[in-house]
Amino acid sequence: SPPDGAENSTNPYDAQNSALAVNFNTVALIKHDTGIIESAEPQTPLLDITREIGTRVKPGLHRVNVSAFSHRNSSITPDRLVAELIAAQLRQQDIAVEKKFHRGRVKPNDTLLYTYRSEMTVAEMLRACLKYSSNFIANQLFLYCGARQYGAPATWDKARKAMTNAIYAATDLDSDNMIIAEGSGLSRNNLVTPSAMIVLLERFKPHAWLLSETAGTPLKSGTMTGVYSYAGYLGQTPDDPAVVIILNQELNNREMILDK
């Protein structure tokens, strides 16, 4: 199921999470004025699913949420994206595969053929997640924490419980200060007070290097319609103060406030 707050739009930040995924459950494509469709990534072959999605968008450069097109064509799914991309990569290695695929369950007597572990550390994943504001990465990690704590399969309830318990145990915060609905900040049911954010930032100081710099200081922005925020530090050393700006208003003037 999608995270709380997702609207299943074509925007990539609305892409659904899943245990099996490629390219963040999105496709990148270029549609020319002539109607010709190409992959927008040199490392990703042009797939049938990309062509089908391309017929449903306007000319231009796009990265879109695959699931947003499922209601128009039930065959356009993240599972199909995974299958087609794996098949294309196999064909590039002269391994013949059919076009058909189906979902199934791993049986107890099935043989594990291959295990791949990413060379990226969790810290590197988090730094990329924060730099590019990737809701998908944030919620993949969020769901994993729940599954690691309470066992597979991953669920939103397990993730909420694991993260909430960890934060409450590490701080003096409780539900009066902070409520976690999902892991990316997409949901308006995520609630936090500025003072609670200061507490979290003080605990986060040893990891401040994970934040990218804005206006020369480590900061993370947060933006929703009518909500504009910054959280980070006013300097580069552990002694520099944490700063939190949370605005619930139509006008985004967080930069002006930060400059003061």
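Residues numbered from 1 in each chain as written. Predicted model: local features only at pLDDT ≥ 70, side-chain atom pairs only at ≥ 80, totals over all residues. Heavy atoms only, no water.

**Q** Describe in detail unusual backbone geometry, supporting the description with residues and values.
**A** Between A152 and P153 the backbone carries a cis peptide bond, its omega angle lying at 0°. Following the sequence through the fold, P153 ends up in the loop between α4 (135-150) and α5 (156-170). Phi at N23 is positive, roughly 50°, even though this residue is not glycine. Within the secondary structure layout, N23 lies in the segment before β1 (26-31). (Helix = DSSP H or I, 4+ residues; strand = E, 2+ residues; numbered from the N terminus.)

**Q** Pulling in residues and values, what's your account of the packing of helix α3 (residues 122-132) against α4?
**A** Two packed helices can be described by the angle between their axes and the distance between those axes. Their axes nearest at 8 Å, the elements α3 and α4 cross at an angle of 140°. Classified by the angle their axes make, α3 and α4 are oblique. Contacts between α3 and α4 pair M125, L126 and C129 from the former with I137, A138 and L141 from the latter. Looking at the contact of α3 with α4, its residues break down into six nonpolar, no polar and no charged. (Axes fitted to C-alpha atoms, helices over the stretch in contact; angles between N-to-C directions. Parallel < 35°, antiparallel > 145°, perpendicular 65-115°, else oblique. Contact = heavy atoms within 4.5 Å. Nonpolar A, V, L, I, M, F, W, Y, C, P; charged D, E, K, R; others polar.)

**Q** So, the pattern of salt bridges: which residues are in play, and what are the values?
**A** Tallied over the full model, the rule gives nine salt bridges. Between R160 and D157 there is a salt bridge, with the nearest N and O atoms lying 2.6 Å from each other. Here R160 pairs with D157, and both are found in helix α5, just three residues apart, close to one helical turn. Residue R160 is classed as partly exposed on the basis of its relative accessible area, which comes to 25%. The exposure class assigned to D157 is exposed, which follows from its relative accessible area of 55%. Between E255 and R254 there is a salt bridge, with the nearest N and O atoms lying 3.7 Å from each other. Using a relative accessible area of 36% as the deciding quantity, one classes E255 as partly exposed. Among the charged side chains, a salt-bridge network with shared partners connects D48, R51 and K99. (Salt bridge = Lys/Arg side-chain N within 4 Å of Asp/Glu carboxyl O. Buried < 20%, exposed > 50% of the residue type's maximum accessible area, 1.4 Å probe, protein only.)

**Q** Outline a nonpolar patch on the surface, listing residues and values.
**A** Among the surface-exposed residues, I86, L90 and I95 lie close enough to one another that they form a single nonpolar patch of about 230 Å² accessible area. Among the secondary structure elements, L90 is positioned in helix α2 (residues 78-92). (Patch = residues over 30% accessible without salt bridge, like charges linked within 9 Å, V, L, I, M, F, W, Y side chains within 5 Å. Areas by Shrake-Rupley, 256 points an atom, 1.4 Å probe, with all protein chains shown as cover.)

**Q** Can you explain the nonpolar core? Please cite residues and give values.
**A** The biggest cluster of nonpolar side chains holds 18 residues, and the ones touching the most others in it are I167, L173, M178, L200, L201 and Y233. Counting only elements with at least two residues in this core, the list comes to α4, α5, α6 (194-204), β8 (227-233) and β9 (242-248). Sort the elements by how many residues they give to this core and α6 lands first, with four residues. Those residues within four positions of L173 in sequence are excluded, and the remaining contacts are I167, Y168, M178, A196, V199 and L200. (Core = buried A, V, L, I, M, F, W, Y, C linked by side-chain atoms within 4.5 Å.)

**Q** Describe α4, and please don't skip the residues or the numbers.
**A** For the α-helix, the turn length of 3.6 residues means that residues three or four positions removed from each other point alike. Here α4 contains 16 residues, and its C-alpha end-to-end distance of 22 Å stays within 8% of the 22 Å for a straight helix at 1.5 Å per residue. Among all positions of α4, only N135, F136, I137, A138, N139, L141, F142, L143, G146 and A147 are buried. Where α4 ends, the next residue or the one after it, G151, has phi of about 95°, a positive value. (Expected span 1.5 Å × (residues − 1).)

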